[in-house]
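Listed here are the chains, written in short residue letters.
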Amino acid sequence: MKKLFITILSLSIITSCSSDLLDVNPEAQKVSSQFYTNSTEIEQGIISVYGSLQYVGQYQLAMPALGELPSDNTYDEVPANDSFTYGELDFFTVQANNSLIASAWKDNYIGIQQANIILTRIGGISDMTDALKASRTGEMKFLRALMYFNLVKIFGDVPLVLKETTNVNDYFGQPRTPAAEVYSAIETDLKEAVSLLPATAAQKGRVTKGAALGILGKVLLTQKKYAESLTYLSQVEPLGYQLLPDAAKIFDVTNENNAEIIFDVQFASGLNGNSEGSTAFQMFSPSGSVSGAKGHNLPTKEVYNLYSTGDTRRSAYIGLTSSGIPFSKKLVKTSNTIADGGSNCVVIRLADVFLMMAECYARQNDAANANIYLNKIKKRAGIAEVNFSAASVLLDEIDRERRLEFVGEGQRWFDLVRTGKAVSVMKNYFANNPGYSTAQIDSHHLLMPVPQGQINTDPAIKQNPGY
Amino acid sequence: MGVTDALDINQSITTNFSKAMKKTTISMMLLGLLCVPQFSHATAKKCFQQSVTGRKTPLNKVFEKLSKQYGVQFFYSVSDLKEVMVDDSQMNYRSLKESLDYLKKNAGLDFNVDRNTVTVRLNPKAGSKIQTLSRTTSADYLSMVNDTVKSREKAIDEVVLVGYGKQSRKNNSGSISSIDEKQMKGIASGNFGDIIAGKATGVQITQANANPGGSPSIRVRGIGTLTAGSNPLIVVDGLPLTEGSNLNAIDPNSIAKIDILKDAASSAIYGSRGANGVIIIETKQGKNGKMNVSFDTYYGMQMRSDNVKLVNAYDMATFLKEARDNNYLSKGSNRSALDDNATRVSKGASLRELIPTYLAPYLAKQPGLTDTDWLNTVMKPAPISQTSLNITGGSSTSKYAFTTSYFNQKGLVIGTDYEKFSTSINLSTDLTDRWKVGITMTPSYATGTINASNNSRSYNPLQMATATYPFFKPYNNDGSLAISQQILGNTATDGALVENPVAVQEMTDRKYTLFKTFGNIFTELELMKGLKYRFSVGGDYTNYEYNFFDPSTVGAYRAAAPDVTFANRTEYIRKNYLIENVVSFDRKWDAHRVDAILGQSFQQEDNSQLLTEATSFPDNSIRNIAGGTAFKNTLTQYKWRLLSYFSRVNYTYDNKYNLMASFRRDGSSRFGKNSKWGDFYAFSAGWTVSNESFFPENNTVTDLKLRYSLGSNGNNQIPNFGALSLMNPDNYAFGNTLAPGYTTATAPNPNISWEKSRSNNFGIDFSLFRNVLNISADYYILNRDGLLLDVPVPQQSGFSTSLQNIGKIKNSGFELQIASKTFSLANNFTYSGSLNFSTNKNEVLALANGQNQIITGENNFSVTKVGGSIGEMYGYNILGIYKTQAEINGSPHITGTMVGDYIMEDLNGDGKINVDDKRSFGSGVPKYIIGFNNNLRYGLFELSFTLYSEIGKKIYNADAVTTLESGEGFGMASQYYFDNRYNAATNPDGFFGMPNMNFSNNRKEARTSNLYFKDADYVRLRSLRLAFNLPQSMLKNIGIENAQIYMVGNNLFTLSKYRGMNIDATSDNVLTQGFDQAYYPVARIYSMGFNLKF
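Residues numbered from 1 in each chain as written. Chains lettered and ligands numbered in written order. Predicted model: local features only at pLDDT ≥ 70, side-chain atom pairs only at ≥ 80, totals over all residues. Heavy atoms only, no water.

Draft legend 1. A look at the overall build of chain A. Regarding its fold elements, chain A presents 19 helices and seven strands. Here the C-alpha radius of gyration of chain A, 25 Å, is about what a compact globule of 467 residues would show, namely 23 Å. For chain A, the spread of C-alpha atoms along the three principal axes comes to 105 × 50 × 45 Å. Looking at chain A as a whole, 63% of its 467 residues qualify as buried. Looking at chain A alone, contacts between residues at least 24 apart form 68% of all its contacts between residues at least 6 apart. As presented, chain A carries roughly 16200 Å² of accessible surface, and 53% of it is formed by carbon and sulfur atoms. Between the averaged position of the 41 positive side-chain charges in chain A and that of its 47 negative side-chain charges there is a distance of 1 Å. (Helix = DSSP H or I, 4+ residues; strand = E, 2+ residues; numbered from the N terminus. Rg over C-alpha atoms; globule rule 2.2 N^0.38 Å. Buried < 20%, exposed > 50% of the residue type's maximum accessible area, 1.4 Å probe, protein only. Contact = heavy atoms within 4.5 Å. Areas by Shrake-Rupley, 256 points an atom, 1.4 Å probe, with all protein chains shown as cover. Lys, Arg positive; Asp, Glu negative; His and termini not counted. Charge placed at Lys NZ, Arg CZ, Asp CG, Glu CD.)

What follows is the structure in structure tokens.
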């Protein structure tokens, strides 16, 4: 019997003594140290960069809300709901601990880091053609530039990181990079993207040359480099984009990725356990109109009333609830599930390119061309064309046209900031709208506060003035 | 130590008592378990080996003979008497009295005879007569309380369970709290956690979420970690259970003894798992002798014990009108509270500035309108019952114990019922003189209901009840459930769009089943005298299945029915197994005693969990995932392995000095590549001063013992794959076609390791006044470093946090236990009791490099700062209410502050109100914990009660913050808020902000302020138990040994200023302790039962 025990003892000790026993890897999750080794995995990594566009802090909620809610185009119907997160944007009482602001910072950097990883690793992949590598590199540079562009528009100076992170602690002590430097990095990325990207992509929703040209044009316009902007913007239409004759078709969910769309963030309902949809239609629909509606970003009555008679866009872009509350038709309910809206979020479309061109021409006092491009939009809207000669009149008209054309697309606030009209326009708006008697705006509101959490984490990150 | 002889173990299990209860009278229950002859074969054998000549006979043999001859039972301490030899040829067995007299004279024994029971103790004065007898002190004996029917003196060594064995308490120098079976009476609950609260020093039990079937949380000596797990290791019959195991899997009825190893020296034998303390549980074992059967059943009712009071419908109408009027008036000029809704709309009012039309009759004070008390609608008195049967017995070679129980608890909150069947089986047999085998199995099967415990206005009925207006009814007049009436009624004015909580509870399915079995098979071989080898294989298997179904016919928050149907299902199987080899040694010579163990173990756990979410249901006819047409599956899996080598040596000299040293080496798969192995050591020493010859004989202070221990151990409750950089799926939909993607979700850290702790424990034990009071005190300092932190990192890295071993925390505390022996207050009237007192203080010494605070929690209320303690509640100090605009203009204020808002203290005097003006108002960790247990006995009546108190803690009440006391006008107002709200006309001295739906920045920031950091000191009568023992004369003829009828009340009263559902409320996250948000309340329970022994 003793022998039996000794046998068991020695057996169990021997079998359990090997140190390999302690190397246990997950079986239901991938590990990044063993990833990004072949073209399939690199492609999966690239998809996740696109995937980050769907994050709350990017195009699911933050860009439409931050780009429009502070402006005169939209308002928050139930400001106190969701901890005043959206109401603060509407009333210019934004606090540094606003959760949407925090998401915007974080989610853009997650996407940027994923793009950095791909850009670092893609060169070493052996089973991928150079042509494919080139276009994927272009896609990543475009997306990285787009995210930095959004960050710099929202926050001003932001830390610039263009490398894969190897040690997270390396970033402690890194201050915010001046906006001019960030812009220069954005331009570099976009210019490379323009040269690397194909005119058309095999898959709908992928980045193409047109997207890079359009966004580069907007980046340059934002920096008031009108002539240079025009050189890129003017290359867009020849790639085959067209204004849809019927404005109502642009945002029709059955007609997504149409000829007018240059780049949009893809959402789909009913896919993969409802994980590819957006909550935006619920957050931004009038309270009670759809399940879970919260009315956080509704078109104002003022903008609704601004469309002239016969303007087909009013009914194409804005609906009215039974109680007369305007809502955006650019985001529609495509599913009964609250978090599963299928409307894509448009980043840039041809109408935007035309109006930017009109603006660039007007800024350069080329009224003829400015009128041509402005009228392309007016014509499609079914309203009278114009022929202005004074640049200032033209610019005001373009501004108004942009307001009407892009309502609900997260453009208006950034347009107001870009054109320097934000403070005066909003003061005027507050005066005319009784619900805003307590609202106040001054120049520091042109930038959002840096998330308090980031300042708490690393005091090298300084707050924007005024917050 | 591990190797006490078999008899010692058996005896001690039947009768071991904690120090506290040692002085109490022996319960009938225990008495019933004790019977003679109860000498195991193995021990008898050993004693013969020890005898030098044939003429000397061991005492137990003598007792055996006497017991056979005269039909009496003997009680005695085996370890003290086993070496006593008598020459029984000189003995006269003709009469019991003569025999006992002979032993009195020649063996230095004292006897107490009560009917058929003979209690034996060593006569201390005669101790020197017996050469082999080492000196024992009177502390080892209980003095007799001979005026009660059932009380018995018991001279049994108290034995404590230590890792991989047992030890006599007098030879142990660690800090161990013991709770025995008898102390576990008096609480109606399905788990032992609730039952032991207040019974041991240094142990805090909180029922933060008293959902039937839920586990309370157990904290041993405060919190020493920030982000790793803080649950103690639970070891049942030698098998360490999975971390965070549901305590309900262990049937309290099957437990014989619980020991809690608190100091590092005691728990260091569990190495990398010992840092949060170790709870060792021993289930009931069989004994040599006749079969003992015990049957217990009770039935009780659970009632609300909270003190939350909401306003009635009329006050609610007033409140809503004020909130909406003030919102309307604050947002524009030329407005009047008299404006009707149409006028308001024309003046630009938004939805929340309008007055719901249904309020009109309430505002007009029409009598007899609907006025639903929703808290009393979602909480109903509910029954709780338990029945258990326990059978033990055995022969000289085989022993058995069998417990089976059925527990049924209906939820105090509707729709949260729980039911459990559990069994525990213990079998052991001596195959030969030296070879023993045994098996322990504990299967249980439970069904319960998941109740959303936190922030959910769609599913948590308690939270829904605080946002459901009294103007609506749960049922229609025809008795059917009212569906979405509040949502539809409130849509026009955007009030609280909450579904009827009764409908949600009744119409959704939230049921789980949990099957769990764990156990051990062991074999033990005595290789030579004092040297044993034990091999055991243990397993812990859990199978869980949860089905959730929400039909379209009931709505959800902000979504009226019909909405979308969906279902999900979670299944997991967890397998844990353990192989253990332990060699133990135990020898005694002259005054020396050495016992030692050397062991090795290997444990592995596998878990895989599948979550299936189903959508696109064509209808509601199939109430599970099978009814869906679109599915998403998520598989989560983990595995860990732990390979360990351990050893411990105990040395005792002359019952005066004892030394212990232990060492363990653990290798864990959880740790990073560069840090797989860790070493843990411990050392302790004890000095029984009162056994020294210089210690004066006196009746005041006796049994004085000093203890010191030092040890290190670890906390390995860190993520299974925390060292690796993991990837998560992150897909995209190109043109509505799914494209699979993966994103790097966590930053890698190959150096990740366990958290290390090092503790020093100083202890003193002594008895006062002829052992009337036994006092035990401990002071400890527990330093932890290498704390695992999810360190916030600059997000431009692409990551928000990184898991790193960084940070230091110091815990120190004092523990005092005063236990009285059973003493007589009057004829037939006795008392015994114990008082526990614990303090704990923690201090954060370091966080990550460059990090000096962690700010987290709802509204960032919790701040953990270097130099402070864990999770302090930070906020503004509210000085009063702004009553005029001039007051606002004339003082520092947050942008957007309005009349009726709060005046905040400008703490740093910089003329601005911002985060720098927040200060600490305390934390959710109590400074003092007090437990007071009392047992009174008068004739056949027994009365026991336990008071439990926590002092110096705060609760951050999110229900008050977001609804009850916010004054926002969205959810319900509490009566307290309503009575104390500021209203310039009707209540100018109110200290709560004016009702206003224009929720200003001031109000938002005031969410973290002294208004909502509530004092939560309390004293609670946790249990009150009154029992009546049926007289023996009645029972004798019907074959019942004992019968008791009892009444138990739990939580009968709670003295506290706190207004909330559950004063134990806390979050699982140690950083946000004291956070309360509609946690499941603890019930007041009235129950009755009876107990029979055959």
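Don't stop here, the text continues.
Draft legend 2. Fine view of the overall build of chain B. A tally of regular secondary structure across chain B gives 21 helices and 53 strands. Contacts in chain B between residues far apart in sequence, at least 24 positions, make up 71% of those at least 6 positions apart. When the accessible area of chain B is evaluated, it comes to approximately 37600 Å², of which 56% is carbon and sulfur surface.

Draft legend 3. Molecular detail of the sheet that holds strand 31 (residues 742-744) of chain B. As summarised here, the arrangement of the three strands in space is 1(A)-28(B)-31(B), forming an open sheet in which the pairing is antiparallel. The sheet is open, and its two borders are formed by strand 1 (30-31) of chain A together with strand 31 of chain B, each paired with just one other strand. The pairing of strand 28 (residues 726-729) of chain B with strand 31 of chain B spans three bridges and is classified as antiparallel. Within the sheet, the bridge partner assigned to B:Pro729 lies in strand 31 of chain B and is B:Tyr742. (Pairing = 2+ DSSP bridges.)

Draft legend 4. How the structure looks around the packing of aromatic side chains. Under the defined criterion, the tally for this structure stands at 58 aromatic pairs over all chains. Relative to A:Tyr436, the ring of A:Phe430 lies with its centre 5.6 Å away and its plane at 20°, an arrangement referred to as stacked. Each member of the pair, A:Phe430 as well as A:Tyr436, is classed as buried. For the pair B:Tyr956 and B:Phe1013, a centre-to-centre distance of 5.2 Å together with 50° between the ring planes defines the contact as tilted. Within this pair, whereas B:Tyr956 is found in strand 47 (residues 954-957), its partner B:Phe1013 is found in strand 48 (residues 1013-1015), the two being separated by 57 residues in sequence. The exposure class assigned to B:Phe1013 is buried, which follows from its relative accessible area of 3%. Aromatic rings pair up to connect A:Phe91, A:Phe92, A:Trp413, A:Tyr429, A:Phe430 and A:Tyr436 into one cluster. The side chain of A:Lys30 reaches across the aromatic face of B:Tyr742, ending 4.6 Å from its centre. Taking the ring centre of B:Tyr1046 as reference, the NZ or CZ of B:Arg1025 above it sits at 4.3 Å. (Phe/Tyr/Trp six-rings, centres within 6.5 Å; stacked < 30°, edge-to-face > 60°. Lys NZ or Arg CZ within 6 Å of the ring centre and 35° of its normal.)

Draft legend 5. How the structure looks around the pairing of strand 10 (residues 217-220) of chain B. Residues and elements named next belong to chain B. Of the two faces of strand 10, the one lined by Ser-217 and Arg-219 and the one lined by Ile-218 and Val-220 are each fully buried. Of the pairings in the sheet, the one linking strand 9 (residues 203-206) to strand 10 comprises four bridges and is antiparallel in character. Each residue of the ladder has a partner; that of Thr-206, found in strand 10, is Ser-217.

Draft legend 6. The arrangement of the interface of chain B and chain A in detail. Taken together, the 88 residues of chain B in the interface contact 102 residues of chain A. Together, B:Tyr732, B:Phe734 and B:Gln796 form the three largest contributors to the area buried by chain B at its contact with chain A, with a combined 11%. Our count for the contact surface shared by chain B and chain A stands at three salt bridges. One salt bridge in this structure joins A:Asp23 and B:Lys676, with 3.8 Å as the shortest N-O distance. No other element matches strand 24 (residues 630-653) of chain B, which puts eight residues into the side of chain B that touches chain A. Its residues placed into classes, the side of chain B that touches chain A shows 38 nonpolar, 33 polar and 17 charged. (Buried area = accessible area lost by both parts, 1.4 Å probe. Salt bridge = Lys/Arg side-chain N within 4 Å of Asp/Glu carboxyl O. Nonpolar A, V, L, I, M, F, W, Y, C, P; charged D, E, K, R; others polar.)

Draft legend 7. Geometry of the sheet that holds strand 41 (residues 872-875) of chain B. All names here are of chain B. Spatial strand order, 39-40-41-44: four strands in an open sheet with antiparallel pairing. Since the sheet does not close on itself, it has two edges, and those belong to strand 39 (853-856) and strand 44 (919-923), each with one partner. With direction set aside, neighbouring strand axes in the sheet form an average angle of 35°. As judged from the two bridges shared by strand 40 (residues 862-865) and strand 41, these two strands associate in the antiparallel manner. (Axes fitted to C-alpha atoms, helices over the stretch in contact; angles between N-to-C directions.)

Draft legend 8. Local environment of the packing of helix 9 (residues 209-222) of chain A against helix 10 (residues 226-233) of chain A. Residue and element names in this part refer to chain A. Here helix 9 crosses helix 10 at 170°, and the two axes come no closer than 8 Å. Here helix 9 lies roughly antiparallel to helix 10, going by the angle between them. Along the contact surface, helix 9 presents Leu-213, Gly-214, Leu-216, Gly-217, Leu-220 and Leu-221, while helix 10 presents Tyr-226, Glu-228, Ser-229, Tyr-232 and Leu-233. Along the lines of polarity and charge, the residues of the contact of helix 9 with helix 10 split into seven nonpolar, three polar and one charged. (Parallel < 35°, antiparallel > 145°, perpendicular 65-115°, else oblique.)

Draft legend 9. Examining the side chain of B:Lys705 more closely. Residue and element names in this part refer to chain B. Assignment of secondary structure puts Lys-705 in strand 27 (residues 701-715). Buried within the structure, Lys-705 lacks any salt-bridge partner; Asp-765 is the closest side chain of opposite charge, at an N-O distance of 5.2 Å. Engagement of the side chain of Lys-705 in a polar contact is seen with the backbone oxygen of Asn-172, the distance being 2.7 Å. (Polar contact = N/O pair within 3.5 Å; in protein donor to acceptor, adjacent residues only side chain to side chain.)

Draft legend 10. Spatial organisation of the side chain of B:Asp339. With respect to the helices, strands and loops of the structure, B:Asp339 is situated in the loop between helix 10 (313-330) and helix 11 (341-346). In this structure, B:Asp339 is in contact with B:Tyr328, B:Arg344 and B:Lys347, ignoring residues within four places of it in sequence.

Draft legend 11. Looking closely at the packing of helix 7 (residues 130-155) of chain A against helix 9 of chain A. Residues and elements named next belong to chain A. Contact geometry of helix 7 with helix 9 gives a least axis separation of 11 Å together with a crossing angle of 30°. For the element pair helix 7 / helix 9, the angle class is roughly parallel. For the pair helix 7 and helix 9, the sense of crossing is left-handed. On the side of helix 7, the interface is formed by Phe-142, Leu-146 and Phe-149, while helix 9 contributes Ala-211, Ala-212, Ile-215, Lys-218, Val-219 and Thr-222. Partitioned by chemical class, the residues of the contact of helix 7 with helix 9 number seven nonpolar, one polar and one charged. (Left-handed = near helix turned anticlockwise from the far one by under 90°.)

Draft legend 12. How the structure looks around the environment of A:Ala180. Positionally, A:Ala180 belongs in helix 8 (residues 179-196). Each C-alpha atom of the pair A:Ala180 and A:Gln223 lies 9.0 Å from the other, and the pair is 43 residues apart in sequence.

Draft legend 13. Representation of the pattern of salt bridges. Applying the stated criterion to the full structure yields 73 salt bridges over all chains. The shortest N-O distance in the salt bridge between B:Lys639 and A:Glu27 comes to 3.6 Å. Remark: A:Glu27 occurs in the loop between helix 1 (2-15) and strand 1 and B:Lys639 occurs in strand 24; the pair is interchain, linking two chains. On the accessibility criterion, B:Lys639 (14% relative accessible area) is buried. Put simply, A:Asp72 and A:Arg412 hold a salt bridge, and the shortest N to O gap is 2.8 Å. Residue A:Asp72 is found in the loop between helix 4 (62-66) and strand 2 (74-75), and its partner A:Arg412 is found in helix 17 (residues 412-418); the two are separated by 340 residues along the sequence. Of the two residues, A:Asp72 and A:Arg412, neither departs from the other in class, the shared state being buried. By sharing partners, the salt bridges in this structure join A:Glu260, A:Asp311, A:Arg313, A:Lys330, A:Arg349, A:Lys378, A:Arg380, A:Glu397, A:Glu401, A:Glu405 and A:Glu409 into a single network.

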